[in-house]
Amino acid sequence: MMQDSGATHTLSFGVTPHEGRSENLHEGCLEARRVRNEVNRLDKEGWDWDDIHDTVVDNANLVKNTTQLLVQKALKELETYHDHKDEDWGRPFPYIDETYPMRMNHNEGYALTIDESGDVRFRVSYKPYNYVKGVLRGSPDHLERVKNALNSDSWRVGVAELVHKHNEWRLHVSVTHKTRTVASPDDAETVIGVDINENCVALAAMTRNGDVLDSVVIEYPDIKRVRHEFFIKRKRMQNVGQTAFETVVRTEERDFVHDQLHKVSRDVTRWVSQFTDPVIVFEDLKDMRDSIDYGTRMNRRLHSLPFAALREMVTYKAAWGGIPTDNVDPKYTSQRCPRTECLHIERGNRRRKRFKCKSCGFQDHADRKAAVCVVQEWFSEQYGNVPSLETLPSVRKVRRTASGLCEEADSHGAIFASGVHRHGTSAQDSQSQAREELKTVAPVEG
Ligand SMILES: [Zn+2]
């Protein structure tokens with residue numbers, strides 16, 4: 001597994017050999033496994049690591065550079081184990097019997113080029129004078145990013161791993177921005193909370209003083225609709241036994257969804273970049289997975305495709321612009337009242353897209369409110385306290401459809417505005433009124 005850090009990103013592609021024997025890919029990964037196991041065997045026998053390195057590299061039947069990368073990786077695993085032995089870390093399995101990813105340097109073990117028609121061609125050689133060639137398959141987003149990296153002087157195409165997974169060969173390519181430095185979240189002036197849902201993403205920008213400068217809900221109803229249409233289409237095909245077309249339909253669906261999310265992620269980063277020194281804060285995916293009782297809303301969000309994909313796209317585009325991202329525990333973001341005076345937590349506070357606090361009566365668009373709570377959670381985790389929530393602008397909604405981005409007609413209307421009906425027409429009026437509401441909402445009890 002390759003880890004993304006800072007300005008390095010991992011892109012994933014399918015590889016289908018057009019030239020050369022696909023068995024070569026298999027043979028390469030078997031030799032990679034032998035190298036990996038050999039390093040572990042010699043370490044267990046007490047060999048000096050420099051000797052392990054030289055001996056294994058000399059004896060391997062791989063491109064020399066590829067063996068070096070594999071030995072380094074195996075030794076690093078061992079190093080981690082030796083460093084953490086006291087904490088009961090187990091030794092890596094001395095012998096693994098499935099194939100092992102081949103790890104290769106660009107222009108040595110593997111190479112990527114763009115051809116006249118704009119396709120990205122690959123060459124994988126596990127040993128000298130031996131190659132497999134073909135065209136990379138992948139999401140429009142990852143293909144665009146690898147092309148960008150191949151074309152640009154400021155990006156470097158780095159190490160790739162060839163993996164056999166789910167009966168398919170995949171190439172995980174790392175690309176690194178050479179000069180880009182991503183700012184530290186600690187230096188952020190504006191904290192942007194993100195709440196990703198099946199059909200929309202809500203954003204809220206808050207200063208360190210607790211002022212919500214602006215918020216927006218970007219809806220993408222077409223994704224859910226089109227996915228449903230594709231689902232029906234596939235079911236129908238299965239019923240009449242046309243399974244051969246299923247893969248085609250699946251690819252069509254994936255491309256559509258990725259294209260839409262790609263555009264939404266651009267809308268998000270564009271909106272974020274208007275603020276001074278922003279940090280983008282997401283709910284932590286890992287925490288969401290570990291928890292079992294967040295209820296159906298969390299489960300639905302977790303299993304709906306947009307969550308992880310949109311988050312990844314926003315993260316990469318933000319890093320590209322030097323904007324850092326961070327995570328918070330998502331435990332209460334959807335159920336908690338954002339009023340600093342209240343902070344009441346109850347599942348019943350939320351009903352679909354409507355949040356109404358059972359304790360103080362505060363009302364808001366549920367997803368926008370969740371985005372505000374993400375920011376509050378970030379302050380709480382960073383500094384142990386949350387700035388008092390002073391203002392809350394009216395909710396602005398925009399809609400990203402297959403045909404473009406449009407402002408919602410009712411975006412300044414009363415229905416989704418925070419609190420009660422609003423009569424002011426200018427943003428200024430709405431803001432002062434919202435501020436007033438926050439101060440005067442009377443608790444129902446206590
Ligand atoms: Zn409340």
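Residues numbered from 1 in each chain as written. Predicted model: local features only at pLDDT ≥ 70, side-chain atom pairs only at ≥ 80, totals over all residues.

### Overview of the overall build of the chain
Point 1. Of the regular secondary structure elements, the chain holds 11 helices and 17 strands.
Point 2. A total of 446 residues make up the chain; the buried ones form 35% of that total.
Point 3. For the chain, contacts bridging at least 24 residues in sequence account for 67% of all contacts bridging at least 6. (Helix = DSSP H or I, 4+ residues; strand = E, 2+ residues; numbered from the N terminus. Buried ≥ 20, exposed ≤ 12 C-beta atoms within 10 Å, placed from the backbone. Contact = placed C-beta atoms within 7 Å.)

### Focus: the sheet that holds strand S6 (residues 155-165)
Point 1. Ordered in space as S2-S6-S7-S1-S5-S4-S3, the seven strands form an open sheet in which the pairing is antiparallel. Of all the strands in the sheet, the pair left with one neighbour each is strand S2 (102-104) and strand S3 (110-114). Ignoring which end each strand starts from, the neighbouring axes of this sheet average 30° apart.
Point 2. Where S6 meets strand S7 (residues 168-177), nine bridges bridge the pair, whose relative direction is antiparallel. Bridged to valine 157 within S7 is valine 175.
Point 3. Contacts from helix H1 (residues 23-44) reach S2, strand S4 (120-124), strand S5 (132-137), S6 and S7 within the one sheet, and its direction differs from that of S6 by about 95°.
Point 4. Against the sheet, helix H3 (residues 64-83) touches S2 and S6, its axis set at about 115° to S2. (Pairing = 2+ DSSP bridges. Axes fitted to C-alpha atoms, helices over the stretch in contact; angles between N-to-C directions.)

### Details of unusual backbone geometry
Point 1. Of note in this structure, tyrosine 129 is not a glycine but carries a positive phi near 60°.
Point 2. Tracing the backbone through its elements, the reader meets tyrosine 129 in the loop between S4 and S5.
Point 3. Classification of tyrosine 129 by C-beta neighbours within 10 Å gives exposed; the count is 5.
Point 4. Even without glycine at this site, leucine 343 takes up a positive phi of about 55°.
Point 5. Summarising the element assignment, leucine 343 is placed in the loop between strand S12 (325-328) and strand S13 (350-351).

### Comments concerning the sheet that holds strand S10 (residues 212-219)
Point 1. Strand order across the open sheet formed by seven strands is S12-S11-S8-S9-S10-S16-S17, with mixed pairing between neighbours. The sheet is open, and its two borders are formed by S12 and strand S17 (404-407), each paired with just one other strand. Across the sheet, the mean angle from the axis of one strand to that of its neighbour is 25°, orientation sign disregarded.
Point 2. With four bridges connecting them, S10 and strand S16 (residues 396-401) associate as parallel partners. Bridge assignment links isoleucine 218 to a residue of S16, and that residue is valine 398.

### Some points on the nonpolar core
Most often, soluble globular proteins keep nonpolar side chains buried together rather than apart.
Point 1. Core analysis: the biggest nonpolar cluster contains 50 residues, and Val194, Val201, Leu203, Ile280 and Val281 have the highest contact counts within it.
Point 2. If you list the elements that add at least two residues to this core, you get strand S8 (190-196), strand S9 (200-207), S10, helix H6 (246-272), strand S11 (278-283), helix H9 (306-320) and helix H10 (366-383).
Point 3. With sequence-adjacent residues up to four places away left out, isoleucine 280 is seen in contact with Ile192, Val194, Val272, Val314, Ala318, Ile323 and Thr325. (Core = buried A, V, L, I, M, F, W, Y, C linked by C-beta atoms within 7 Å.)

### Thoughts on the environment of glutamine 335
Point 1. Along the chain, glutamine 335 turns up in the loop between S12 and S13.
Point 2. By the C-beta count within 10 Å, which is 21 here, glutamine 335 ends up buried.
Point 3. Taking the C-alpha atoms as reference points, glutamine 335 and lysine 369, 34 residues apart in sequence, are found 9.4 Å from one another.
Point 4. Excluding anything up to four places from it in sequence, glutamine 335 contacts Ile345, Glu346, Arg347, Asn349 and Arg350.

### What to know about H6
Point 1. Here H6 is 27 residues long and its end C-alpha atoms lie 38 Å apart, about the 39 Å a rise of 1.5 Å per residue gives.
Point 2. Restricting attention to buried positions, one finds in H6 the residues Val257, His258, Leu261, Val264, Ser265, Val268, Thr269 and Val272. (Expected span 1.5 Å × (residues − 1).)

### Some points on the confidence of the model for the chain
Point 1. Here the chain averages 82 in pLDDT, and 84% of its residues register 70 or above.
Point 2. Here residues 1-5 is a poorly scored stretch, pLDDT under 50, and it has six contacts once near neighbours within four places are set aside; other chains count.
Point 3. Predicted confidence for residues 409-437 stays below pLDDT 50, and this span has 40 contacts to residues more than four positions away or in other chains. (pLDDT = per-residue confidence, 0-100.)

### Describing the environment of isoleucine 192
Point 1. With respect to the helices and strands, isoleucine 192 occurs in strand S8.
Point 2. Residues isoleucine 192 and serine 215, 23 residues apart in the sequence, show an inter-C-alpha distance of 9.0 Å.
Point 3. In this view, isoleucine 192 contacts Leu203, Ala205, Val272, Pro278, Val279, Ile280 and Val281; residues no more than four positions away in its chain are not counted.

### So, the pairing of S9
Point 1. With seven of its eight residues buried, S9 lies for the most part within the structure.
Point 2. In this sheet, S9 lies alongside S8 in antiparallel orientation, the contact comprising seven bridges. Note on S9: the bridge partner recorded for aspartate 195 is alanine 202.
Point 3. Linkage of S8 to S9, two consecutive antiparallel strands, is achieved through a turn of three residues.
Point 4. Between S9 and S10, which pair antiparallel one after the other, the connecting turn spans four residues, and glycine 210 there sits at a positive phi close to 90°.

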